Amino acid sequence: MDQSIAIQETLAEDEKCIIAVQCFILIDNATESRLLGLVERSKEHALFVYLHRRMAITGDDVSLDGIIPISYDFAVVEVSSPDELAVVGADTRCRVTFLNEELELRLPFGSHSRLFLSEVNKAWSDVCQQYPASTPRFQWLAKYRSKLTPTRGSMKSLTSKGESLSKSSHTRKTERSQTAERRGPPAEHKSGGNGGPDSPGRVARVLLEDRNDLPPPSIHTYSCNKAQMLSLPQFGLRDNLIRCELQKSEAAYTNLEDFSFFLGTYNVNGQTPKERLGRWLASTPDPPDVYFVGFQELDLSKEAFIFNDTPKESEWINAVMEGLHPDAKYAFVKHVRLVGIMLLCFVKTEHAEHIHEVEAETVGTGIMGRMGNKGGVAIRFRFHNSDICVVNSHLAAHIEEYERRNQDYREICSRMQFHQQDPDLPPLTILKHSIVLWLGDLNYRISNLDVDQVKDLISKKDFEALHAYDQLKRQIDEEAVFVGFTEGDIDFQPTYKYDTGSSQWDSSEKCRVPAWCDRILWRGQNIRQLHYTSHMALKTSDHKPVSSLLEIGIKVVDEEKQKRIFEEIVRNMDRWENECIPSVSLSQREFHFKDVKFMQHRAETLTIHNDGQVPCQFEFIQKLDEPAYCKAWLTANPHKGFLAQGASVDVDLEVFVNRFTAPELNSGRQQIEDILVLHLDRGKDYFISVMGNYLPSCFGTSINALCHLREPIQAMPLDTIQKLVSAVSAGQELSSSPVAEPPRDTPKEICMMVEHLYRNASKQEDLFQQPGLRSEFEEIRDCLDTGEPDSIPGSNHSVAEALLLFLDALPEPVVPYHYYRQCLDCCSDYSQCKQVIDMLPQCHKNVFMSLTEFLRGLLKHSAHNRLDVNILATIFAALMLRSPAKQDLGQKRKTQEFYQHFLTQDLDL
């Protein structure tokens, strides 16, 4: 959420909050949360520090606590505590200095914090470049002095120092320079131990010195570790050559050493911690080297679902930290959360310096592929010289939905992408890592046995016989999911479902069949499982926690051997660069995609083979006057990379038409045609042709155009469709429409879906909250586009999701864009809201009324379908009142308030 909007509301019109970040500030030996904003006025910058509510949405949620002017006397540096090891991936600790005062901050790890520090550093650099010709006066800050809240400690001191800025700082600048000269270079810059001018240490230092876009890191964070050095940004071809040759020789300078990894998963059913977790997390005799702890259903409230915010996050983190093995000290590396799915990583403090390249990502697989009530979170990192990815997922529920679980798994694998620190390298997917650890509530059930049969086998402890009926085992055996993964033998009873607070099986009316929902799997070499068990003693939830202890062989670098190999590679570098011109061969130069459909993934493989005498770097590059290397419906994956001599890479050329690209293709203004330019660094360019045809769809076609189409869109001549769609898009009169019949009141496609749902799904549990199957959506799309079959196929959930996707793909939403601002302005006055709807074009008004009547009808069956006004207003306001620009949380709330009137009050217009 962009919290700079809340800060902006507190500023004058000529002042701008460039970026904001939530952080922790050290005050009186305690940490307190603050909101930090970088504010600019007339090229002068200052840091504004705010007290804030947990979710700062508007200016009313923040209170000014302090101001730190960014003058020459200002500095911000990354630091690390002498009591703990710095971990790349942990929160960023910074020290802000201003005149003679200091302030300690802790910023959350991630790209947003890095961007914030980069913007602050840029503002300070601008001051230094202008000094001494121009010195900021900060007179605009005087008006805020009376607004400051009573402060304590360093904040008050720093704020009051801002009044003395009119003094010249030339003396202090000179003193700093003289002090730096007396101190001499830092220890790692001194001669000795780092080799010659081309040594790894020298290259690393040069790269770091050139990184002027970030504040200087603490000295000990970066050493001569070559694995770290080769992951830093701004490497060119020469450095990729070095990287490639080092990777080829990796076995010569690494040794396998065993480390213990504790993996734990727990679906906590929305509960708060009520028991000590040591019986789960500290259940091994010896303390593990690495912990990964995953939770699901951390918070089941509607607020968590809608706004992805929960106070239970910190409660469970604290409970985990208290429950770690008491015989070791641990560093908190990283955590990531998506609604109720959370993953935490801890390592022994002595291993922390060997953790680097930490990244975290999330993928929601809920309704429309966006909602985060189901999906996955992951953390990837390098430990010594091994790359590892750990995934925590919560897949679709209900015993019959195993295909939906399979789909969730595939979506997480395909959509989860980690950006690498080297921008010349493509993003990494989960399965690109040499070690993958997967845990979570996978929700696979036991099928083809009734509850009594299952409980009978459990009472006999015949888990092997019971496991034969496990859905996950069957799907793995059929290679439908988790291909290449291993799961240890299960010799513990199913972990779901129990009466909360006990170890008794579910006694509710539903009487769920026990199942092994909570699982841990792995993929990779040199992995041995030491134990795999559940923990029956914990009774907080209706699930039991599960743990696995893995012994993993990690590649540890022998620094001396690597240094010798590195120096040999560097000596050969000039000869390789000067004597050899890179070249490649391509498997084919033309690709044809026939009959492309809306939201249908199509892919062809281009194989690039390095047939030259030297490693090469390739990239698909932009053509003249084009914003990207390809059209928006096309992707090359990977679009750039590095090939060793004699190596090949398969590039997937993927065509996918979505809500953004469908309107142009439906109207004929774009075709499935593009030319890709494959460029080799220091080599020539290659041209690849991509052609095809797109089948027009009602998805991505305007309401007005669909009202004029009496027949299914694909049953009409292509030129007729394109003329009609183009005329509507251009706002032309349709009196001379190629379609002779008068227009319909409402598009027939909307009528078909609404009538189907009203007739079949009024009492469907979790309607519009549980996603459907992709395969069923494709059948529904084809039915609407071709008219065959006569009735809509698929489950109720798939039809409901198709309706949402249809509304999302409209080029002009149900409430057209130019009415959006009026809707926000009148959201609290229902009579004015009705006036806005009354002004809509007739066909748009008809759709609005038809959908609203349908939703009001669903609310009459809320006891069965578990829908309420807040859920429906949240989902449908986002689709019918779409913002023409990026929508902030305050606007989102206003659109919900606007639409909620129509669901709860008299609908007469």
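Here the residue numbers are simple positions, counted from 1 along each chain's written sequence. Per-residue local features of the predicted model are confined to residues with pLDDT of at least 70, and side-chain atom pairs are confined, for both listing and counting, to 80 or more; whole-chain, interface and lining totals are unaffected and use all residues. Values reported for side chains reflect all heavy atoms of the structure, with hydrogen atoms and water molecules removed beforehand.

**Q** What's the story with the overall build of the chain in this structure? I'm lost.
**A** Each helix is a run of DSSP H or I of at least 4 residues and each strand a run of E of at least 2, with the numbering of both proceeding from the N terminus. Secondary structure assignment for the chain yields 28 helices and 29 strands. Sequence-distant contacts, at least 24 apart, represent 71% of the contacts inside the chain between residues at least 6 apart. Calculation of accessible area relied on Shrake-Rupley with a 1.4 Å probe; when residues are assessed, cover is drawn exclusively from the protein chains displayed. Counting only carbon and sulfur atoms, one obtains 46% of the accessible surface of the chain, whose full area is about 39,600 Å². Note on contacts: a residue pair qualifies if any of its non-hydrogen atoms lie within 4.5 Å across the two residues.

**Q** What is the right way to read the packing of helix 25 (residues 842–859) against helix 28 (residues 889–904) from this model?
**A** In a pair of packed helices, the angle between the axes and the distance between the axes together describe the arrangement. The N-to-C vectors of helix 25 and helix 28 enclose an angle of 65°; their axes lie 9 Å apart at closest approach. Pair helix 25 / helix 28 crosses with right-handed handedness. In this structure, helix 25 contributes Phe848, Leu851, Thr852, Leu855, Arg856 and Leu859 to the contact, and helix 28 contributes Tyr899, Phe902, Leu903 and Thr904. In the scheme used here, Gly and all other residues not listed as nonpolar or charged are polar, with Ala, Val, Leu, Ile, Met, Phe, Trp, Tyr, Cys and Pro taken as nonpolar and Asp, Glu, Lys and Arg as charged. The residue inventory of the contact of helix 25 with helix 28, partitioned by class, reads 7 nonpolar, 2 polar and 1 charged. Interaxial angle, 0 to 180 degrees, is taken between N-to-C directions of lines fitted to C-alpha atoms, where a helix line uses only the stretch in contact. By definition, any crossing whose near helix is turned counterclockwise from its far helix by less than a right angle is left-handed, and any crossing with a clockwise turn is right-handed.

**Q** Looking at this model, I keep getting lost on the sheet that holds strand 20 (residues 546–557). Mind explaining?
**A** Whether parallel or antiparallel, the strands of a sheet pair through hydrogen bonds between backbone atoms. Criterion used throughout: strands pair if DSSP finds at least two bridges between them. One open sheet holds the 6 strands; their spatial order is 10-11-9-8-20-19, and the pairing between them is mixed. Each edge of the open sheet is held by one strand with a lone partner, namely strand 10 (330–338) and strand 19 (527–534). Between one strand axis and the next, the sheet turns through 20° on average, direction left out of account. Of the strands in this sheet, strand 9 (290–296), strand 10 and strand 11 (341–348) are in contact with helix 11 (residues 312–323), which crosses strand 11 at around 30°.

**Q** I tried to follow the confidence of the model for the chain on my own but got confused; where do I start?
**A** A low pLDDT means the predicted coordinates there should not be read in detail. Residue-level confidence of the predictor, termed pLDDT, takes values from 0 up to 100. Residue-level pLDDT values for the chain average 84, and 84% of them are 70 or greater. Low confidence marks residues 82–88, where pLDDT is under 50. Its contacts with residues over four positions away, or in another chain, come to 18 contacts. In the model, residues 159–235 has pLDDT below 50 throughout and makes 119 contacts with residues more than four positions away in sequence or in other chains.

**Q** Even after reading the chapter, I still don't get the sheet that holds strand 26 (residues 640–643), so can you show me in this structure?
**A** Taken together, the 5 strands give an open sheet; going across it, the order is 22-29-28-24-26, and neighbouring strands pair in mixed fashion. Strands at the two margins of the open sheet, each flanked by one partner only, are strand 22 (590–596) and strand 26. Taken pair by pair, the neighbouring strands of this sheet meet at an average axis angle of 20°, ignoring direction. Examined bridge by bridge, strand 22 and strand 29 (residues 685–694) share 5 bridges and lie parallel to one another. Looking across to strand 29, one finds that Glu590 is bridged to Ser689.

**Q** Explanation requested: the side chain of Asp289 in the structure shown.
**A** Take Asp289: it is sitting in the loop between helix 9 (278–281) and strand 9. Burial classes: relative accessible area under 20% of the type maximum marks a residue as buried, over 50% as exposed, and values in between as partly exposed (1.4 Å probe, protein chains only). Using a relative accessible area of 12% as the deciding quantity, one classes Asp289 as buried. Residues adjacent in sequence count toward polar contacts only when both atoms are side-chain atoms; beyond that, a polar contact is any pair of N or O atoms within 3.5 Å, and within protein one must be able to donate a hydrogen and the other to accept it. At 2.8 Å, the side chain of Asp289 and the backbone nitrogen of Ser260 are in polar contact. A polar contact of 2.9 Å, which involves the side chain of Asp289, links it to the side chain of His351.

**Q** Hey, could you run me through the packing of helix 20 (residues 748–760) against helix 22 (residues 796–809) in this one?
**A** Close contact between helix 20 and helix 22 brings their axes to 10 Å; oriented N to C, the two are set at 150°. For the crossing formed where helix 20 meets helix 22, the hand is left-handed. Contact residues: Glu749, Ile750, Met753, Val754, His756, Leu757 and Asn760 in helix 20; Asn796, Val799, Ala800, Ala802, Leu803 and Phe806 in helix 22. When the residues that make up the contact of helix 20 with helix 22 are grouped by side-chain class, the tally is 9 nonpolar, 3 polar and 1 charged.

**Q** How should the nonpolar core be read in this particular structure?
**A** The tendency in soluble globular proteins is for nonpolar side chains to be buried side by side. Judged by nonpolar contacts, the single largest core of 105 residues is most densely connected at Ile608, Phe768 and Phe876. Apart from the residues within four sequence positions on either side, Ile608 is in contact with Val584, Ser585, Leu586, Phe618, Leu643, Ala647, Ser648, Val649, Val651 and Leu678. Nonpolar cores are built from buried Ala, Val, Leu, Ile, Met, Phe, Trp, Tyr and Cys residues. Side-chain atoms within 4.5 Å join them into one set. Membership of the second largest hydrophobic core comes to 48 residues, among which are Phe292, Cys345, Ile435 and Leu437.

**Q** So what exactly am I meant to see when it comes to a negative patch on the surface here?
**A** Patch definition: residues above 30% relative accessible area lacking any salt bridge, with like charges linked at up to 9 Å and the nonpolar side chains Val, Leu, Ile, Met, Phe, Trp and Tyr linked at up to 5 Å. What counts as a salt bridge is simple: a side-chain nitrogen of Lys or Arg found within 4 Å of a carboxyl oxygen of Asp or Glu. Counted as positive: Lys and Arg. Counted as negative: Asp and Glu, with His and the chain ends omitted from the count. Where a charge sits is defined by one atom per residue type, namely NZ (Lys), CZ (Arg), CG (Asp) or CD (Glu). Taken together, the side chains of Asp462, Glu464, Asp489 and Asp491 make up a negatively charged region of the molecular surface. Structurally, Asp462 can be placed in the loop between helix 13 (451–459) and helix 14 (463–467). Judged by relative accessible area, which is 31%, Asp462 ranks as partly exposed.

**Q** Would you mind going over the packing of aromatic side chains with me for this structure?
**A** In this description, an aromatic ring pair is defined by two values, namely the gap between the centres and the angle between the planes. When two rings of Phe, Tyr or Trp (its six-membered ring) have centres within 6.5 Å they constitute a pair, described as stacked for plane angles under 30 degrees, edge-to-face for angles over 60, and tilted for the intermediate range. Tallying each qualifying case throughout the model produces 32 aromatic pairs. Relative to Phe777, the ring of Phe699 has its centre 5.4 Å away and its plane inclined at 75°; by these criteria the two rings are edge-to-face. Of this pair, Phe699 sits in the loop between strand 29 and helix 18 (703–707) while Phe777 sits in helix 21 (residues 774–786), and the two are 78 residues apart along the sequence. A relative accessible area of 4% means that Phe777 is categorised as buried. Measuring from centroid to centroid gives 5.6 Å for Phe848 and Tyr899, while their planes differ by 80°, and the two rings are edge-to-face. Pair noted here: Phe848 is in helix 25 and Tyr899 is in helix 28, with a separation of 51 residues, a long-range link. Each member of the pair, Phe848 as well as Tyr899, is classed as buried. Pairwise contacts between aromatic rings join Tyr830, Phe848, Phe898, Tyr899 and Phe902 into one cluster. In this arrangement the basic side chain of Arg405 is found over the ring face of Tyr444, its NZ or CZ atom lying 5.3 Å from the centre. For a Lys NZ or an Arg CZ to count as sitting over a ring, it must be within 6 Å of the ring centre and within 35 degrees of the ring normal. Lying over the aromatic face of Tyr498, Lys544 brings its terminal NZ or CZ to 5.0 Å of the ring centre.

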